[in-house]
Amino acid sequence: MKIPQVKGTRDFYPAEMAVRNRIVDGWKRVSQRNGFEEYDGPIFERLEMYQIKSGDEIVDQLFSLKDRGGRNLAIRPEITPTLARMVNQRINSLPRPIKWFSVPRLCRAERPQKGRLREFFQWNIDIIGVDDIRADADVIFTTVDYLRDIGLTANDIVVKISSRRMLAAVLKEIGVPQGSLDSLYAVLDKMNKLPDETFEKMLDELLRDSEMVSKVRTFMGLENIQQIEGMFGRQEAFNELVRLMELLNSMGIGDYYRFDQGIVRGLAYYTGIVFEIYDKASELRAICGGGRYDNLLKDFGGPAISATGMGMGDCVLEILLKEKGLLDIPELEKGLDYFIARVPTVVPFEDHRTPLSVAVQLAAEIRKTDRRVDVSYRLTGSGEPPSLGRQLKEAAARNTEKCIIIGDEFREGKLVVKDMASGEQDMVGYDVFLTDLAGESE
RNA sequence: GUGAAAGUAGCUCAGUCGGUUAGAGCACUGGAUUGUGGAUCCAGGGGUCGCGGGUUCGAAUCCCGUCUUUCACCCCA
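Residues numbered from 1 in each chain as written. Chains lettered and ligands numbered in written order. Predicted model: local features only at pLDDT ≥ 70, side-chain atom pairs only at ≥ 80, totals over all residues. Heavy atoms only, no water.

Near RNA strand B, the surroundings consist of 38 residues, among which Glu78, Arg111, Arg116, Arg378 and Met420 are the closest. If you look at RNA strand B and keep only atoms within 4 Å of the protein, 46% of those are sugar or phosphate atoms. Between a base oxygen of RNA strand B and a side-chain N or O atom of Arg285, the distance comes to 3.4 Å. Broken down by secondary-structure element, the contributors of at least two residues to the surface near RNA strand B are α15 (388–397) and β16 (414–419). In terms of residues, the surface near RNA strand B owes the most to one element, α15, which gives 6 residues. (Near = heavy atom within 4 Å. Polar contact = N/O pair within 3.5 Å; in protein donor to acceptor, adjacent residues only side chain to side chain. Helix = DSSP H or I, 4+ residues; strand = E, 2+ residues; numbered from the N terminus.)

Before going further, it helps to spend a moment on the packing of aromatic side chains. Any two aromatic rings considered together are summarised by their centre-to-centre distance and by the angle between their planes. Taken as a whole and assessed by the stated rule, the structure comprises 11 aromatic pairs. For the pair Phe349 and Phe410, a centre-to-centre distance of 5.0 Å together with 50° between the ring planes defines the contact as tilted. Remark: Phe410 occurs in the loop between β15 (400–406) and β16 and Phe349 occurs in the loop between β13 (336–342) and α14 (355–367); sequence separation between them is 61 residues. No difference in accessibility class separates Phe349 from Phe410, as the two residues are buried. (Phe/Tyr/Trp six-rings, centres within 6.5 Å; stacked < 30°, edge-to-face > 60°. Buried < 20%, exposed > 50% of the residue type's maximum accessible area, 1.4 Å probe, protein only.)

Right, let's get into a nonpolar patch on the surface. Where nonpolar side chains cluster on the molecular surface, the patch consists of Ile43, Phe44 and Leu65 and spans about 250 Å² of accessible area. The residue Leu65 is located in strand β3 (residues 64–66) in this model. (Patch = residues over 30% accessible without salt bridge, like charges linked within 9 Å, V, L, I, M, F, W, Y side chains within 5 Å. Areas by Shrake-Rupley, 256 points an atom, 1.4 Å probe, with all protein chains shown as cover. Salt bridge = Lys/Arg side-chain N within 4 Å of Asp/Glu carboxyl O.)

Ordered in space as β14-β13-β15-β16-β17, the 5 strands form an open sheet in which the pairing is mixed. Edge positions in the open sheet fall to β14 (373–375) and β17 (425–429), since each of these has one partner strand only. Direction aside, neighbouring strands of the sheet carry axes that sit 25° apart on average. Of the strands in this sheet, β13, β15 and β16 touch α15, which is tilted by about 170° from β13. (Pairing = 2+ DSSP bridges. Axes fitted to C-alpha atoms, helices over the stretch in contact; angles between N-to-C directions. Contact = heavy atoms within 4.5 Å.)

This part covers the side chain of Asn34. With respect to the element layout, Asn34 can be found in the loop between α1 (14–33) and β1 (37–38). The class of Asn34 is buried, set by a relative accessible area of 14%. A polar contact of 2.9 Å, which involves the side chain of Asn34, links it to the backbone oxygen of Val30. Within polar-contact distance, the side chain of Asn34 engages the side chain of Thr142 at 3.4 Å. Leaving out residues up to four positions away in the same chain, Asn34 has contacts with Lys99, Phe141, Thr142 and Asp145.

Counting buried positions along strand β7 (residues 119–128) gives 10 out of 10 residues, so the element sits mostly inside the fold. Along β7, one buried face is formed by Glu119, Phe121, Trp123, Ile125 and Ile127 and the opposite face, lined by Phe120, Gln122, Asn124, Asp126 and Ile128, is buried too. Bridging between strand β5 (residues 98–102) and β7 involves 5 bridges; their strand directions are antiparallel. Bridging across to β7, Ser102 finds its partner in Asn124. Pairing analysis gives 3 bridges linking strand β6 (residues 105–107) to β7, with the strands arranged antiparallel. Across the sheet, the residue bridging to Cys107 is Glu119, located in β7. Note: β7 against strand β12 (residues 307–313), 7 bridges, orientation antiparallel. Paired with Asp126 across the strands is Gly309, a residue of β12.

Another point: helix α4 (residues 80–89). Residues lying three or four places apart along an α-helix face the same way, a consequence of the helix completing one turn every 3.6 residues. In terms of burial, α4 is largely enclosed, as 7 of its 10 residues are buried. Burial in α4 covers these residues: Thr80, Pro81, Thr82, Leu83, Ala84, Val87 and Asn88.

Before going further, it helps to examine unusual backbone geometry. Glycine aside, residues mostly have negative phi angles, and peptide bonds mostly take the trans form. In the segment running from Arg96 into Pro97, the intervening peptide bond is cis, with an omega of 0°. Of note, the phi angle at Arg208 is positive, near 55°, even though the residue is not glycine. Within the secondary structure layout, Arg208 lies in the loop between α8 (196–207) and α9 (210–221). Even without being a glycine, Asn399 presents a positive backbone phi close to 60°.

A few words on the sheet that holds β3. Here 3 strands make up an open sheet; going across it, the order is β2-β4-β3 and the pairing antiparallel. Each end of this open sheet is capped by a strand with a single partner; those strands are β2 (44–46) and β3. Between one strand axis and the next, the sheet turns by 35° as a mean value, whatever way the strands run. Of the pairings in the sheet, the one linking β3 to strand β4 (residues 72–75) comprises 3 bridges and is antiparallel in character. Within the sheet, the bridge partner assigned to Lys66 lies in β4 and is Asn72.

All right, on to the pairing of strand β10 (residues 273–279) then. Regular strands place side chains that alternate from one sheet face to the opposite one. The element β10 is extensively covered by neighbouring structure, given that 7 of its 7 residues are classed as buried. Of the two faces of β10, the one holding Ile273, Phe275, Ile277 and Asp279 and the one holding Val274, Glu276 and Tyr278 are both buried throughout. Pairing of strand β8 (residues 157–163) with β10, which is carried by 7 bridges, proceeds in the antiparallel orientation. Looking across to β10, one finds that Val158 is bridged to Tyr278.

What follows is the structure, given as C-alpha coordinates:
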(Lines give C-alpha, C1' and ligand atoms only; values in the text may rest on other atoms or scores of the structure.)
Protein backbone atom coordinates (compact mmCIF):
# COMPACT_ATOMS: atom_id res chain seq x y z
CA MET A 1 0.00 0.00 0.00
CA LYS A 2 1.26 3.44 -0.90
CA ILE A 3 1.16 5.96 1.93
CA PRO A 4 1.10 9.54 0.71
CA GLN A 5 3.37 12.18 2.14
CA VAL A 6 1.95 14.50 4.78
CA LYS A 7 0.84 17.91 3.50
CA GLY A 8 3.44 20.63 3.73
CA THR A 9 6.33 18.34 4.66
CA ARG A 10 9.55 17.55 2.81
CA ASP A 11 11.62 14.42 2.30
CA PHE A 12 15.34 15.03 2.45
CA TYR A 13 17.03 12.66 0.02
CA PRO A 14 20.84 12.88 0.12
CA ALA A 15 20.83 15.76 -2.38
CA GLU A 16 18.31 17.79 -0.37
CA MET A 17 20.01 16.84 2.88
CA ALA A 18 23.28 18.27 1.55
CA VAL A 19 21.52 21.57 0.89
CA ARG A 20 19.88 21.58 4.31
CA ASN A 21 23.17 20.83 6.02
CA ARG A 22 24.88 23.56 4.06
CA ILE A 23 22.33 26.05 5.39
CA VAL A 24 22.16 24.72 8.94
CA ASP A 25 25.91 24.22 9.36
CA GLY A 26 26.43 27.85 8.36
CA TRP A 27 23.87 29.00 10.91
CA LYS A 28 25.70 27.13 13.66
CA ARG A 29 29.19 28.17 12.62
CA VAL A 30 28.35 31.86 12.28
CA SER A 31 26.43 31.86 15.57
CA GLN A 32 29.43 30.45 17.36
CA ARG A 33 31.93 32.85 15.87
CA ASN A 34 29.69 35.70 17.03
CA GLY A 35 29.72 34.41 20.60
CA PHE A 36 26.40 32.55 20.74
CA GLU A 37 25.99 29.17 22.46
CA GLU A 38 23.61 26.49 21.25
CA TYR A 39 20.54 25.34 23.20
CA ASP A 40 17.46 23.28 22.39
CA GLY A 41 14.25 22.17 24.06
CA PRO A 42 11.62 19.48 23.57
CA ILE A 43 9.75 19.23 20.30
CA PHE A 44 6.43 19.51 22.12
CA GLU A 45 5.40 21.72 25.00
CA ARG A 46 2.25 22.37 26.98
CA LEU A 47 -0.37 24.03 24.83
CA GLU A 48 -0.96 26.85 27.33
CA MET A 49 2.54 28.10 26.74
CA TYR A 50 1.65 29.25 23.25
CA GLN A 51 -1.64 30.79 24.33
CA ILE A 52 0.10 33.18 26.76
CA LYS A 53 1.91 35.12 24.11
CA SER A 54 -0.43 34.93 21.20
CA GLY A 55 -3.94 34.05 22.33
CA ASP A 56 -6.45 31.43 21.27
CA GLU A 57 -6.43 32.03 17.51
CA ILE A 58 -2.96 30.57 17.53
CA VAL A 59 -4.31 27.20 18.63
CA ASP A 60 -5.89 26.77 15.19
CA GLN A 61 -2.51 27.26 13.63
CA LEU A 62 -0.56 24.68 15.54
CA PHE A 63 -0.59 20.92 15.85
CA SER A 64 -1.91 19.91 19.24
CA LEU A 65 -2.44 16.58 20.92
CA LYS A 66 -3.48 15.09 24.23
CA ASP A 67 -1.15 12.79 26.11
CA ARG A 68 -2.45 9.74 27.98
CA GLY A 69 -2.91 11.78 31.11
CA GLY A 70 -5.22 14.16 29.26
CA ARG A 71 -2.70 17.03 29.16
CA ASN A 72 -2.96 19.35 26.18
CA LEU A 73 0.30 19.47 24.30
CA ALA A 74 1.43 21.20 21.13
CA ILE A 75 4.23 20.56 18.68
CA ARG A 76 6.35 23.69 18.93
CA PRO A 77 5.45 26.35 16.33
CA GLU A 78 8.30 28.57 17.57
CA ILE A 79 11.04 28.26 20.14
CA THR A 80 10.96 31.65 21.86
CA PRO A 81 8.49 30.53 24.59
CA THR A 82 10.73 27.53 25.29
CA LEU A 83 13.69 29.90 25.51
CA ALA A 84 11.79 32.14 27.92
CA ARG A 85 10.83 29.12 30.03
CA MET A 86 14.39 27.78 30.11
CA VAL A 87 15.94 31.13 30.95
CA ASN A 88 13.36 31.88 33.65
CA GLN A 89 13.99 28.49 35.29
CA ARG A 90 17.64 29.31 35.85
CA ILE A 91 17.63 33.07 35.67
CA ASN A 92 19.68 33.47 38.87
CA SER A 93 22.41 31.02 37.98
CA LEU A 94 22.98 31.65 34.28
CA PRO A 95 26.21 33.51 33.54
CA ARG A 96 25.71 36.73 31.59
CA PRO A 97 25.54 37.69 28.87
CA ILE A 98 22.99 35.14 27.76
CA LYS A 99 23.78 34.88 24.04
CA TRP A 100 22.07 31.74 22.80
CA PHE A 101 21.13 30.28 19.45
CA SER A 102 19.10 27.31 18.29
CA VAL A 103 18.06 25.64 15.03
CA PRO A 104 14.75 24.03 15.96
CA ARG A 105 12.50 22.03 13.67
CA LEU A 106 9.10 23.70 13.92
CA CYS A 107 5.56 22.84 12.79
CA ARG A 108 2.66 25.12 12.02
CA ALA A 109 -0.71 23.96 10.70
CA GLU A 110 -0.89 26.66 8.05
CA ARG A 111 -1.83 26.34 4.43
CA PRO A 112 1.43 25.72 2.56
CA GLN A 113 2.47 28.15 -0.17
CA LYS A 114 5.60 29.61 -1.65
CA GLY A 115 8.24 29.94 1.04
CA ARG A 116 6.00 28.52 3.72
CA LEU A 117 5.58 24.88 4.70
CA ARG A 118 4.07 23.07 7.66
CA GLU A 119 7.41 21.78 8.88
CA PHE A 120 10.58 23.82 8.64
CA PHE A 121 13.80 24.79 10.35
CA GLN A 122 14.34 28.16 11.92
CA TRP A 123 17.53 29.77 13.08
CA ASN A 124 16.99 31.75 16.26
CA ILE A 125 19.50 33.97 18.02
CA ASP A 126 18.74 35.92 21.18
CA ILE A 127 20.64 38.13 23.59
CA ILE A 128 18.98 38.33 26.98
CA GLY A 129 19.70 40.81 29.73
CA VAL A 130 21.62 43.37 27.71
CA ASP A 131 19.75 46.65 27.45
CA ASP A 132 22.42 48.31 25.33
CA ILE A 133 21.73 48.92 21.65
CA ARG A 134 24.99 47.06 21.02
CA ALA A 135 23.06 43.84 21.56
CA ASP A 136 20.64 44.80 18.75
CA ALA A 137 23.63 45.64 16.57
CA ASP A 138 25.14 42.23 17.32
CA VAL A 139 21.93 40.44 16.39
CA ILE A 140 21.73 42.29 13.07
CA PHE A 141 25.43 41.85 12.41
CA THR A 142 25.36 38.12 13.13
CA THR A 143 22.42 37.73 10.76
CA VAL A 144 24.13 39.66 7.97
CA ASP A 145 27.42 37.90 8.76
CA TYR A 146 25.70 34.62 7.91
CA LEU A 147 23.94 35.84 4.77
CA ARG A 148 27.20 37.34 3.55
CA ASP A 149 29.06 34.15 4.44
CA ILE A 150 26.76 32.06 2.29
CA GLY A 151 27.27 34.40 -0.64
CA LEU A 152 24.55 37.08 -0.58
CA THR A 153 25.76 40.63 -1.18
CA ALA A 154 24.28 44.06 -0.54
CA ASN A 155 22.96 43.82 -4.10
CA ASP A 156 20.91 40.76 -3.19
CA ILE A 157 19.39 41.64 0.17
CA VAL A 158 18.43 44.62 2.28
CA VAL A 159 18.00 44.92 6.04
CA LYS A 160 15.09 47.23 6.79
CA ILE A 161 15.33 48.76 10.23
CA SER A 162 12.93 50.77 12.32
CA SER A 163 12.06 51.32 15.96
CA ARG A 164 8.83 50.64 17.78
CA ARG A 165 9.88 53.17 20.39
CA MET A 166 10.40 55.89 17.81
CA LEU A 167 7.15 54.96 16.11
CA ALA A 168 5.29 55.22 19.41
CA ALA A 169 6.87 58.60 20.15
CA VAL A 170 5.98 60.05 16.75
CA LEU A 171 2.45 58.69 16.84
CA LYS A 172 2.01 60.19 20.29
CA GLU A 173 3.28 63.51 18.92
CA ILE A 174 0.70 63.25 16.15
CA GLY A 175 -1.98 62.63 18.72
CA VAL A 176 -2.88 59.00 18.19
CA PRO A 177 -4.53 57.68 21.38
CA GLN A 178 -2.55 55.04 23.27
CA GLY A 179 -5.38 52.53 22.90
CA SER A 180 -5.24 52.61 19.09
CA LEU A 181 -1.52 51.93 18.86
CA ASP A 182 -1.56 48.15 18.60
CA SER A 183 -4.21 48.05 15.87
CA LEU A 184 -2.46 50.91 14.09
CA TYR A 185 0.80 48.95 14.08
CA ALA A 186 -0.98 46.15 12.28
CA VAL A 187 -2.16 48.56 9.57
CA LEU A 188 1.21 50.30 9.20
CA ASP A 189 2.89 46.91 8.89
CA LYS A 190 0.81 46.32 5.76
CA MET A 191 1.62 49.65 4.13
CA ASN A 192 4.10 48.25 1.63
CA LYS A 193 1.81 45.40 0.69
CA LEU A 194 -1.39 47.35 0.07
CA PRO A 195 -2.46 49.75 -2.65
CA ASP A 196 -2.40 53.39 -1.52
CA GLU A 197 -6.16 53.86 -1.43
CA THR A 198 -6.79 50.74 0.63
CA PHE A 199 -4.13 51.84 3.07
CA GLU A 200 -5.69 55.28 3.44
CA LYS A 201 -9.13 53.80 3.89
CA MET A 202 -7.90 51.56 6.69
CA LEU A 203 -6.23 54.51 8.40
CA ASP A 204 -9.42 56.53 8.09
CA GLU A 205 -11.51 53.82 9.68
CA LEU A 206 -9.08 53.41 12.53
CA LEU A 207 -8.31 57.04 13.39
CA ARG A 208 -11.45 58.91 12.25
CA ASP A 209 -9.51 62.15 11.98
CA SER A 210 -8.37 63.36 8.57
CA GLU A 211 -5.62 65.60 9.95
CA MET A 212 -4.14 62.73 11.93
CA VAL A 213 -4.37 60.45 8.91
CA SER A 214 -2.53 62.89 6.70
CA LYS A 215 0.19 63.35 9.34
CA VAL A 216 0.62 59.60 9.64
CA ARG A 217 0.85 59.29 5.87
CA THR A 218 3.38 62.10 5.66
CA PHE A 219 5.46 60.45 8.34
CA MET A 220 5.34 57.08 6.64
CA GLY A 221 6.55 58.72 3.42
CA LEU A 222 9.66 60.25 4.96
CA GLU A 223 12.95 58.75 3.94
CA ASN A 224 15.33 59.26 6.81
CA ILE A 225 15.64 60.08 10.46
CA GLN A 226 16.74 63.65 9.80
CA GLN A 227 13.49 64.40 7.98
CA ILE A 228 11.46 62.86 10.78
CA GLU A 229 13.43 64.86 13.31
CA GLY A 230 12.78 68.05 11.36
CA MET A 231 9.06 67.43 11.28
CA PHE A 232 8.34 65.91 14.68
CA GLY A 233 11.17 67.19 16.86
CA ARG A 234 14.02 65.23 18.38
CA GLN A 235 12.83 62.15 20.18
CA GLU A 236 14.77 60.06 22.67
CA ALA A 237 14.32 57.00 20.47
CA PHE A 238 16.18 58.68 17.59
CA ASN A 239 19.49 58.61 19.47
CA GLU A 240 19.15 54.88 19.76
CA LEU A 241 18.53 54.42 16.05
CA VAL A 242 21.38 56.71 15.10
CA ARG A 243 23.75 54.89 17.43
CA LEU A 244 22.65 51.54 16.02
CA MET A 245 23.43 52.72 12.51
CA GLU A 246 26.83 54.03 13.58
CA LEU A 247 27.63 50.65 15.10
CA LEU A 248 26.54 48.82 11.96
CA ASN A 249 28.71 51.13 9.88
CA SER A 250 31.70 50.43 12.13
CA MET A 251 31.05 46.73 11.74
CA GLY A 252 31.34 47.13 7.98
CA ILE A 253 27.78 46.33 6.95
CA GLY A 254 26.72 49.89 6.23
CA ASP A 255 25.69 49.06 2.69
CA TYR A 256 23.32 46.28 3.79
CA TYR A 257 20.81 48.22 5.82
CA ARG A 258 18.26 50.95 5.28
CA PHE A 259 15.98 52.84 7.62
CA ASP A 260 12.35 52.03 6.79
CA GLN A 261 9.51 52.99 9.08
CA GLY A 262 7.27 50.58 7.16
CA ILE A 263 8.85 47.82 9.22
CA VAL A 264 6.60 47.42 12.21
CA ARG A 265 6.29 43.65 12.69
CA GLY A 266 2.82 42.24 13.18
CA LEU A 267 3.46 41.10 16.69
CA ALA A 268 2.51 43.20 19.70
CA TYR A 269 5.44 42.21 21.90
CA TYR A 270 8.18 44.17 20.16
CA THR A 271 9.18 47.26 22.11
CA GLY A 272 12.35 48.69 20.54
CA ILE A 273 14.42 48.18 17.42
CA VAL A 274 12.66 46.03 14.81
CA PHE A 275 14.07 44.76 11.52
CA GLU A 276 13.32 42.51 8.60
CA ILE A 277 15.51 41.31 5.77
CA TYR A 278 14.20 41.04 2.22
CA ASP A 279 15.54 40.00 -1.13
CA LYS A 280 16.27 43.20 -3.00
CA ALA A 281 13.88 42.40 -5.83
CA SER A 282 11.29 42.04 -3.08
CA GLU A 283 9.66 39.11 -4.79
CA LEU A 284 9.74 36.82 -1.80
CA ARG A 285 8.35 37.12 1.67
CA ALA A 286 10.73 38.25 4.41
CA ILE A 287 13.89 36.15 4.85
CA CYS A 288 13.93 36.87 8.56
CA GLY A 289 12.73 39.29 11.17
CA GLY A 290 13.57 40.31 14.68
CA GLY A 291 13.80 43.01 17.24
CA ARG A 292 13.80 43.92 20.90
CA TYR A 293 11.17 42.53 23.24
CA ASP A 294 11.15 43.78 26.79
CA ASN A 295 8.28 41.90 28.37
CA LEU A 296 8.53 38.35 27.17
CA LEU A 297 10.33 36.87 30.16
CA LYS A 298 7.98 38.68 32.51
CA ASP A 299 4.97 37.30 30.63
CA PHE A 300 6.30 33.83 31.29
CA GLY A 301 6.55 34.41 35.01
CA GLY A 302 10.09 35.71 35.17
CA PRO A 303 11.74 39.03 35.91
CA ALA A 304 11.43 42.08 33.65
CA ILE A 305 14.59 41.55 31.66
CA SER A 306 15.07 43.03 28.22
CA ALA A 307 15.94 40.84 25.27
CA THR A 308 16.58 41.13 21.57
CA GLY A 309 16.63 38.45 18.91
CA MET A 310 15.97 37.19 15.41
CA GLY A 311 14.35 34.26 13.66
CA MET A 312 15.13 33.01 10.12
CA GLY A 313 13.30 30.14 8.43
CA ASP A 314 14.94 27.84 5.90
CA CYS A 315 12.21 27.94 3.21
CA VAL A 316 12.47 31.47 1.84
CA LEU A 317 16.24 31.44 2.28
CA GLU A 318 16.56 28.28 0.23
CA ILE A 319 14.44 29.71 -2.59
CA LEU A 320 16.60 32.82 -2.70
CA LEU A 321 19.88 30.90 -2.56
CA LYS A 322 18.71 28.67 -5.41
CA GLU A 323 17.71 31.69 -7.48
CA LYS A 324 21.15 33.20 -6.96
CA GLY A 325 22.87 29.92 -7.83
CA LEU A 326 24.55 29.79 -4.43
CA LEU A 327 23.69 26.17 -3.78
CA ASP A 328 25.21 24.48 -6.80
CA ILE A 329 28.77 24.13 -5.65
CA PRO A 330 30.97 21.05 -6.03
CA GLU A 331 31.54 20.47 -2.32
CA LEU A 332 27.84 19.79 -1.94
CA GLU A 333 28.14 16.73 -4.14
CA LYS A 334 28.42 13.36 -2.55
CA GLY A 335 31.80 11.76 -2.75
CA LEU A 336 34.44 9.42 -1.42
CA ASP A 337 38.04 10.12 -0.60
CA TYR A 338 39.09 6.58 -1.52
CA PHE A 339 37.54 3.69 -3.37
CA ILE A 340 39.36 0.39 -3.09
CA ALA A 341 39.21 -1.82 -6.16
CA ARG A 342 40.62 -5.32 -6.31
CA VAL A 343 41.78 -7.21 -9.37
CA PRO A 344 39.54 -10.25 -9.77
CA THR A 345 42.01 -12.56 -11.53
CA VAL A 346 44.66 -12.47 -8.84
CA VAL A 347 45.14 -15.79 -7.10
CA PRO A 348 45.23 -15.71 -3.29
CA PHE A 349 48.36 -14.31 -1.72
CA GLU A 350 50.81 -16.52 0.16
CA ASP A 351 49.09 -16.36 3.53
CA HIS A 352 45.73 -17.23 1.89
CA ARG A 353 44.61 -13.61 1.94
CA THR A 354 42.57 -12.48 -1.05
CA PRO A 355 42.39 -9.06 -2.68
CA LEU A 356 38.98 -8.69 -1.03
CA SER A 357 40.25 -9.37 2.50
CA VAL A 358 43.10 -6.92 1.94
CA ALA A 359 40.62 -4.36 0.60
CA VAL A 360 38.29 -4.49 3.60
CA GLN A 361 41.22 -4.40 6.00
CA LEU A 362 42.73 -1.39 4.22
CA ALA A 363 39.34 0.34 4.20
CA ALA A 364 39.07 -0.14 7.97
CA GLU A 365 42.57 1.31 8.42
CA ILE A 366 41.86 4.37 6.28
CA ARG A 367 38.56 4.96 8.09
CA LYS A 368 40.53 5.38 11.31
CA THR A 369 41.82 8.65 9.82
CA ASP A 370 38.24 9.83 9.28
CA ARG A 371 38.38 9.63 5.50
CA ARG A 372 35.46 8.43 3.42
CA VAL A 373 36.27 5.00 1.99
CA ASP A 374 34.29 2.24 0.36
CA VAL A 375 34.72 -1.10 -1.40
CA SER A 376 32.33 -2.39 -4.05
CA TYR A 377 29.60 -4.84 -3.01
CA ARG A 378 29.11 -5.79 -6.60
CA LEU A 379 29.31 -9.36 -7.90
CA THR A 380 28.81 -10.69 -11.40
CA GLY A 381 25.86 -12.93 -12.21
CA SER A 382 27.95 -16.02 -11.49
CA GLY A 383 29.06 -14.67 -8.13
CA GLU A 384 32.51 -13.68 -9.37
CA PRO A 385 34.16 -10.37 -8.39
CA PRO A 386 33.47 -7.65 -10.94
CA SER A 387 36.03 -6.59 -13.51
CA LEU A 388 38.43 -3.83 -12.59
CA GLY A 389 36.83 -1.64 -15.21
CA ARG A 390 33.47 -2.16 -13.58
CA GLN A 391 34.84 -1.14 -10.21
CA LEU A 392 36.48 2.00 -11.61
CA LYS A 393 33.18 2.86 -13.22
CA GLU A 394 31.50 2.60 -9.83
CA ALA A 395 34.26 4.72 -8.29
CA ALA A 396 33.68 7.40 -10.92
CA ALA A 397 29.92 7.27 -10.41
CA ARG A 398 30.46 7.80 -6.71
CA ASN A 399 32.59 10.85 -7.33
CA THR A 400 35.72 9.37 -5.84
CA GLU A 401 38.90 11.36 -5.46
CA LYS A 402 41.40 8.48 -5.44
CA CYS A 403 41.16 4.80 -6.28
CA ILE A 404 43.38 2.18 -4.68
CA ILE A 405 43.94 -0.99 -6.70
CA ILE A 406 44.94 -4.24 -5.05
CA GLY A 407 46.50 -6.71 -7.48
CA ASP A 408 49.61 -8.77 -8.06
CA GLU A 409 51.94 -6.02 -6.87
CA PHE A 410 50.55 -6.57 -3.38
CA ARG A 411 52.80 -9.65 -3.23
CA GLU A 412 55.57 -7.08 -2.77
CA GLY A 413 53.39 -5.15 -0.35
CA LYS A 414 52.55 -2.44 -2.91
CA LEU A 415 49.30 -0.64 -3.65
CA VAL A 416 48.39 1.21 -6.83
CA VAL A 417 46.97 4.64 -5.99
CA LYS A 418 45.16 6.31 -8.88
CA ASP A 419 44.09 9.93 -8.96
CA MET A 420 40.65 9.88 -10.58
CA ALA A 421 40.72 13.44 -11.83
CA SER A 422 44.10 13.32 -13.58
CA GLY A 423 44.23 9.58 -14.24
CA GLU A 424 47.79 9.39 -12.93
CA GLN A 425 48.78 6.49 -10.71
CA ASP A 426 51.63 5.59 -8.37
CA MET A 427 52.85 2.49 -6.59
CA VAL A 428 53.10 2.91 -2.84
CA GLY A 429 53.96 0.45 -0.09
CA TYR A 430 50.98 -0.52 2.10
CA ASP A 431 52.65 0.62 5.33
CA VAL A 432 54.10 3.77 3.79
CA PHE A 433 50.66 4.70 2.48
CA LEU A 434 49.07 4.39 5.92
CA THR A 435 51.90 6.25 7.65
CA ASP A 436 51.63 9.12 5.16
CA LEU A 437 47.87 9.22 5.64
CA ALA A 438 48.18 9.41 9.42
CA GLY A 439 50.79 12.14 8.99
CA GLU A 440 48.52 14.24 6.77
CA SER A 441 45.67 13.98 9.27
CA GLU A 442 47.64 15.65 12.01
C1' G B 1 -10.49 29.09 6.96
C1' U B 2 -11.50 31.37 1.41
C1' G B 3 -10.57 31.35 -3.96
C1' A B 4 -8.10 29.54 -8.55
C1' A B 5 -5.15 26.04 -11.46
C1' A B 6 -2.92 21.31 -11.86
C1' G B 7 -2.08 15.74 -10.92
C1' U B 8 0.19 10.01 -16.72
C1' A B 9 7.31 6.00 -14.89
C1' G B 10 12.06 8.59 -9.85
C1' C B 11 12.16 13.62 -13.00
C1' U B 12 10.35 16.64 -17.46
C1' C B 13 6.40 15.69 -20.40
C1' A B 14 3.58 13.40 -24.96
C1' G B 15 -0.97 10.73 -25.55
C1' U B 16 -7.93 12.67 -24.84
C1' C B 17 -13.91 14.29 -30.78
C1' G B 18 -14.05 7.82 -25.19
C1' G B 19 -11.85 2.24 -28.59
C1' U B 20 -6.79 -3.55 -28.49
C1' U B 21 -1.14 -5.22 -24.46
C1' A B 22 -0.19 3.60 -22.25
C1' G B 23 4.80 6.24 -24.94
C1' A B 24 9.55 9.46 -25.31
C1' G B 25 13.86 11.87 -23.20
C1' C B 26 16.67 12.04 -18.75
C1' A B 27 17.64 8.96 -14.47
C1' C B 28 18.25 3.77 -12.81
C1' U B 29 19.98 -1.62 -13.72
C1' G B 30 22.79 -5.02 -16.91
C1' G B 31 26.08 -5.78 -21.09
C1' A B 32 29.77 -4.48 -25.19
C1' U B 33 36.04 -11.19 -25.11
C1' U B 34 36.88 -10.08 -17.49
C1' G B 35 44.46 -5.12 -14.83
C1' U B 36 42.00 0.70 -15.76
C1' G B 37 36.63 4.88 -15.05
C1' G B 38 33.36 9.31 -16.73
C1' A B 39 31.86 9.01 -23.50
C1' U B 40 29.20 6.06 -27.01
C1' C B 41 26.18 1.92 -28.43
C1' C B 42 22.81 -2.21 -27.15
C1' A B 43 19.39 -4.36 -23.83
C1' G B 44 16.30 -4.28 -19.44
C1' G B 45 13.36 -3.08 -15.07
C1' G B 46 9.78 0.43 -13.56
C1' G B 47 3.11 3.09 -14.30
C1' U B 48 -4.14 -0.39 -11.35
C1' C B 49 -2.77 7.29 -15.83
C1' G B 50 -3.35 10.55 -7.43
C1' C B 51 -7.58 7.91 -4.95
C1' G B 52 -12.98 6.68 -4.77
C1' G B 53 -17.58 6.69 -7.13
C1' G B 54 -20.71 7.65 -11.54
C1' U B 55 -22.02 7.68 -17.04
C1' U B 56 -20.89 3.95 -20.98
C1' C B 57 -20.60 -2.21 -24.44
C1' G B 58 -15.85 0.24 -23.33
C1' A B 59 -12.71 5.69 -19.31
C1' A B 60 -5.83 8.08 -18.63
C1' U B 61 -9.71 10.72 -21.73
C1' C B 62 -16.53 12.78 -19.78
C1' C B 63 -19.14 13.98 -14.69
C1' C B 64 -19.03 14.21 -9.15
C1' G B 65 -16.36 13.73 -4.68
C1' U B 66 -11.77 13.40 -2.19
C1' C B 67 -6.45 13.80 -1.38
C1' U B 68 -1.97 16.16 -2.76
C1' U B 69 0.76 20.06 -5.14
C1' U B 70 1.20 25.11 -6.86
C1' C B 71 -0.44 30.28 -6.67
C1' A B 72 -3.14 34.19 -4.27
C1' C B 73 -6.05 35.76 0.23
C1' C B 74 -6.29 35.24 5.79
C1' C B 75 -2.30 34.83 9.07
C1' C B 76 2.71 35.14 9.76
C1' A B 77 5.06 33.75 16.31
